[in-house]
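The primary structure of each chain is shown beneath.
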Amino acid sequence: MNKKEEERRARLLKMREERLPDIRKQFEENQKRNFNTKSAKKSTKKGTKGKKSTSAKAAAQTAAEKRKVKLSVNTRKGEMVHHQRMLSQDVNAQATQHIIGVPVNKSRYNGYKGSQVTHAQLKKARPHADAVRIIPIGGLGEFGIGKNMTVVEYKSEMIVIDMGTLFATSDYPGVNYMIPDIKYLEDNQNKIKAICFTHAHLDHIGACRHLLPKFSKFTPIYGTDFTIGMIKKQMSELEEDEPDLNYQVVDPFKHDIIKVSEHLSIEFIHVLHSIPGSVAIVVRTPNGNIYFSGDWRHEDNPVDKQTDYERMDEIVKKEGIDLMVNESTNIDSPGKHPHSEFDVGDNLGKIMDHYASGRIIVSCFSSQIGRIELVLKEAAKRGRKVAFSGFSMINNLEVALRAHAIKVPKDTIMKMEDIIKLPDDKVTIICTGSQGELSAVLNRMVTGAHRHIKIKSTDTIVFSSNPIPGNEPHVVNTVDGLLREGAQVIQNGKTHLTNIGPLHLSGHAYYEDHVELVNRIKPTTYMPYHGEFYMLEHNAEMAENVCGISRDNILVADNGDVVELTTDKRIIKNGRITVGNKLYDDANQPVHEAVVKDRIHIAREGIFIVILTISKKTGRLIKTPDIISRAFIYLDNSEELIGKIRHYLRTKTDKSIATDPEMKVIKEEIRTDIAHILYDATGHTPIVIPVINKV
Ligand SMILES: [Zn+2]
Ligand SMILES: [Zn+2]
């Protein structure tokens, strides 16, 4: 550590120590506040429902009494109803983790001095005509990271930054990803002057296929060469004709200030991240300059071109940044990145030396063009050839080649069908599947489903990645499969096993990197974005406690919050807009929330269908009721229960003849009764569907 660094650290530590009493005070204030709000008033409203008893109602009740079948059950109906209610609460909770109405946010940075904003406050909120409005549409406080989208608005001008997807967890059966609901933008179509993209990761451009066609084709779409290339690739996969859009490629090294409307302009600043063509965006507005960090990391000695700190410093010095909107992904990782991408390259080379006689199969994220370049370089040095496998891997490589974002050594890349003819010690394969995805290349190589490669015991498989939280079990499954084949597996983060590592470098800055950047940008006000709620909160704490930004100038916002940058350069929250999610399956088709709820219900309790065929003339059953059970009980093993239900259905139809009720009334009665019988026998309440055919 050099002297300057030591001094900086000492300063930091001292600053933190000095702040400790402040942090304690904050805690005490919060305690007090919580105590005060707990003595909240109790509602004194007394509601008495007006009862309108008509003779028609009474008659209906008597008829229903006549139809009632005594069920031979040991449980009370109330127990079954309670079970149903609990189940439906669980299903709702699982299916709506991302849907935000007015979220709870009592953070001391919430813009309301730590109190929960009320509906009355929101109702009263009117936009200040001369304020610049910053509105996160997605990406803040989500369950998972993704769906990034932010709007900057001034009078009748709007800029949209990023349109990302968020990958759904297994909590959402059959849902592949979600995108932001853009109702607000659709309502303000004519105000949108520009759409800008920070970089080409899917959490920033993944929603383009669904959203870009919704805007005027004349709206300029700004991005770097590689980013626009990736968006075009995505749009070319649309089933409908590819829309003719107004793409504008920006070279961030030209430092152009692009005037997108009367009052707003944008400038791209090159930053390091884990994909080529990443930028931060400076938006100049009448109320000051806003710095959107995009995704970024810091490396002292990068493979890619260094972050354009020079330009950053120039803007800070000449104009200043009034609001910094900074990503939060790795805020919980202490210190700085402990190694560089070059170390990763060296280690990949070491693996090729250690396991020189066999095939080397490297699995990484398909967008990590820089990593791919390192593998190519190390392979070329050793006279190895390289082939690629995986749809997204080959797609991204094509775009990178076209955008000159990758340097490829001569005569190194080969087609898969050709490379397999070479001796093993000449073969290197770069493929997808590092996250253990079932359908990705690596797993297909394990199961033997891959067209060209079947794993053998002389292969060495390298995981040049970390599992994304939630994917760990799938990665384990893939690793187990590889080891069962007798192959050598080398994973990042397990250096002690092979003495080789690290093999991956996260694309996001660590805590101390954030401290440095914020101190460099010296913003007047600060807003964390791109992160789950705890990340935003920890980012805000860093800004206050370490970077010395006053608490009043920091906001932890949620999707939908309207943040105003005022003429006197303060940030305040002022109302909310409607935000939400649209769900999509793996064929890019929309999935309705109600469908997801049904799937969750069926996965947990199953589905039970009874079909009654009744004579129109006599009202009697013509044949034995058909019963279909799926994902619930196996019918062959449940004769007694099925017998009971058939008996119930016969009695019920017999009893219904005299009163001849409406179809929907009788169906509802049957549904409830059968649910009760099934709950009594099994403790579960599947979805019950009665079907009545009158012939
Ligand atoms: Zn990214
Ligand atoms: Zn991102």
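Reading guide: rules and limits
Residues numbered from 1 in each chain as written. Chains lettered and ligands numbered in written order. Predicted model: local features only at pLDDT ≥ 70, side-chain atom pairs only at ≥ 80, totals over all residues. Helix = DSSP H or I, 4+ residues; strand = E, 2+ residues; numbered from the N terminus. Buried ≥ 20, exposed ≤ 12 C-beta atoms within 10 Å, placed from the backbone. Pairing = 2+ DSSP bridges. Axes fitted to C-alpha atoms, helices over the stretch in contact; angles between N-to-C directions. Parallel < 35°, antiparallel > 145°, perpendicular 65-115°, else oblique. Left-handed = near helix turned anticlockwise from the far one by under 90°. Contact = placed C-beta atoms within 7 Å. Nonpolar A, V, L, I, M, F, W, Y, C, P; charged D, E, K, R; others polar. Expected span 1.5 Å × (residues − 1). Core = buried A, V, L, I, M, F, W, Y, C linked by C-beta atoms within 7 Å. Domains from an automatic or database assignment. pLDDT = per-residue confidence, 0-100.

Peer 1: Mind showing me how you'd approach the overall build of the protein chain here?
Peer 2: Across its full length, the protein chain holds 21 helices and 26 strands. Dimensions of the protein chain along its principal axes, counting C-alpha atoms only, are 95 × 70 × 55 Å. Within the span of the protein chain, comprising 695 residues, buried residues form 42% of the whole.

Peer 1: Would you take a moment to explain the sheet that holds strand 11 (residues 279-285) for this structure?
Peer 2: Strand pairing in a sheet relies on backbone hydrogen bonds. The paired strands run either parallel or antiparallel. Spatial strand order, 9-10-11-12-13-19: six strands in an open sheet with mixed pairing. One side of each edge strand has no neighbouring strand; the edge strands of this open sheet are strand 9 (258-259) and strand 19 (525-529).

Peer 1: I tried to follow the packing of helix 3 (residues 77-95) against helix 19 (residues 593-605) on my own but got confused; where do I start?
Peer 2: When two helices pack together, you describe them by how their axes are tilted relative to each other and by the distance separating the axes. Where helix 3 meets helix 19, the closest approach of the two axes is 9 Å, and the angle between their N-to-C directions is 125 degrees. Judged on the interaxial angle alone, helix 19 and helix 3 are oblique. Taken as a pair, helix 3 and helix 19 cross one another with a handedness that is right-handed. Here Leu87, Val91, Gln94 and Ala95 of helix 3 lie close against helix 19, whose contacting residues are Glu593, Val596, Lys597, Ile600, His601, Arg604 and Glu605. When grouped by side-chain class, the residues that make up the contact of helix 3 with helix 19 number five nonpolar, two polar and four charged.

Peer 1: I would appreciate a short explanation of the sheet that holds strand 4 (residues 166-167) in the present structure.
Peer 2: Taken in spatial order, the four strands of this open sheet run 4-5-22-23, and their pairing is antiparallel. The two strands at the open ends of the sheet, each matched to only one other strand, are strand 4 and strand 23 (590-591). In the sheet, strand 4 pairs with strand 5 (residues 177-180) via two bridges, with the strands oriented antiparallel. The residue of strand 5 that forms the bridge with phenylalanine 167 is tyrosine 177.

Peer 1: Just to check I follow, could you spell out the pairing of strand 14 (residues 360-363) for this structure?
Peer 2: For a regular strand, the rule is simple: side chains alternate between the two faces of the sheet. Neither face of strand 14 is exposed, since Ile360 and Val362 on one face and Ile361 and Ser363 on the opposite face are all buried. Bridge count between strand 14 and strand 16 (residues 427-431): four bridges; the pairing is parallel. Looking at strand 16, one finds that serine 363 is bridged to cysteine 431. Pairing analysis gives four bridges linking strand 14 to strand 17 (residues 460-463), with the strands arranged parallel. Residue serine 363 lies in a different strand from strand 17, and its bridge partner there is phenylalanine 463.

Peer 1: Can you walk me through helix 21 (residues 663-682) in this structure?
Peer 2: An α-helical turn contains 3.6 residues, so any two residues separated by three or four positions project in the same direction. With 20 residues, helix 21 extends 28 Å from end C-alpha to end C-alpha; this agrees with the ideal 28 Å at 1.5 Å per step. Buried residues in helix 21 make contact with helix 3, strand 24 (607-614), helix 20 (639-659) and strand 26 (687-694). Of the residues trailing helix 21, glycine 683 is marked for its positive phi of about 80 degrees.

Peer 1: Just checking my understanding: could you explain unusual backbone geometry for this structure?
Peer 2: Of all residues except glycine, most have a negative phi; of all peptide bonds, most are trans. Proline 502 follows glycine 501 through a cis peptide bond whose omega is 0 degrees. Relative to the assigned elements, proline 502 resides in the loop between helix 16 (495-498) and helix 17 (511-521). Here lysine 522, not a glycine, exhibits a phi torsion of approximately 50 degrees, which is positive. With 14 C-beta atoms counted inside 10 Å, the residue lysine 522 sits in the partly exposed group. The phi dihedral of lysine 569 is positive, around 60 degrees, even though this residue is not glycine. Looking at lysine 569, the number of C-beta atoms within 10 Å reads 15, which means it is partly exposed.

Peer 1: Looking at this structure, I do not really get the nonpolar core. What am I missing?
Peer 2: Ranked by internal contacts, the top residues of the largest apolar core, which has 144 residues, are Ile159, Ile281 and Val462. Both of domain 3 (128-253 + 269-335 + 507-579) and domain 4 (341-498) provide at least three residues apiece to this core. For isoleucine 281, the contacting residues outside a window of four places in its chain are Ile161, Cys196, Thr198, Ile266, Phe268, Phe292 and Gly294. Listed in part, the 17 residues of the second largest apolar core include Tyr648, Ile670, Ile677 and Tyr679.

Peer 1: Where do I start with the packing of helix 20 against helix 21 in this structure?
Peer 2: Between helix 20 and helix 21, the shortest axis-to-axis distance is 11 Å and the interhelical angle comes to 155 degrees. Comparing the axis directions of helix 20 and helix 21 gives the class roughly antiparallel. Remark: the crossing between helix 20 and helix 21 carries right-handed chirality. Within the contact between the two elements, helix 20 uses Leu641, Lys644, Ile645, Tyr648, Lys652 and Ser656 and helix 21 uses Ile666, Ile670, Asp673, Ile674, Ile677 and Ala681. Considered class by class, the residues forming the contact of helix 20 with helix 21 number eight nonpolar, one polar and three charged.

Peer 1: How should the confidence of the model for the protein chain be read in this particular structure?
Peer 2: Fine structural detail should not be taken from predicted coordinates in areas where pLDDT scores are low. Mean pLDDT over the protein chain stands at 92; residues scoring 70 or higher make up 95%. For residues 39-50, every residue scores under 50 in pLDDT, and the model assigns this stretch zero contacts once sequence neighbours within four places are set aside.

Peer 1: Would you take a moment to explain the environment of isoleucine 413 for this structure?
Peer 2: For isoleucine 413, the location among the structural elements is in the loop between helix 12 (391-402) and helix 13 (416-419). As for isoleucine 413 and glutamate 157, which are separated by 256 residues in sequence, their C-alpha atoms are 48 Å apart. Not counting residues within four places of it along the chain, the set of residues in contact with isoleucine 413 comprises Val386 and Val408.

Peer 1: Even after reading the chapter, I still don't get the environment of valine 91, so can you show me in this structure?
Peer 2: Inspection of the secondary structure assignment puts valine 91 in helix 3. The partly exposed category is assigned to valine 91, around which 19 C-beta atoms lie within 10 Å. In this structure the C-alpha to C-alpha distance between valine 91 and alanine 681, which are 590 residues apart in sequence, comes to 22 Å. Once residues within four sequence positions are removed from consideration, valine 91 is found in contact with Lys597, Ile600 and His601.

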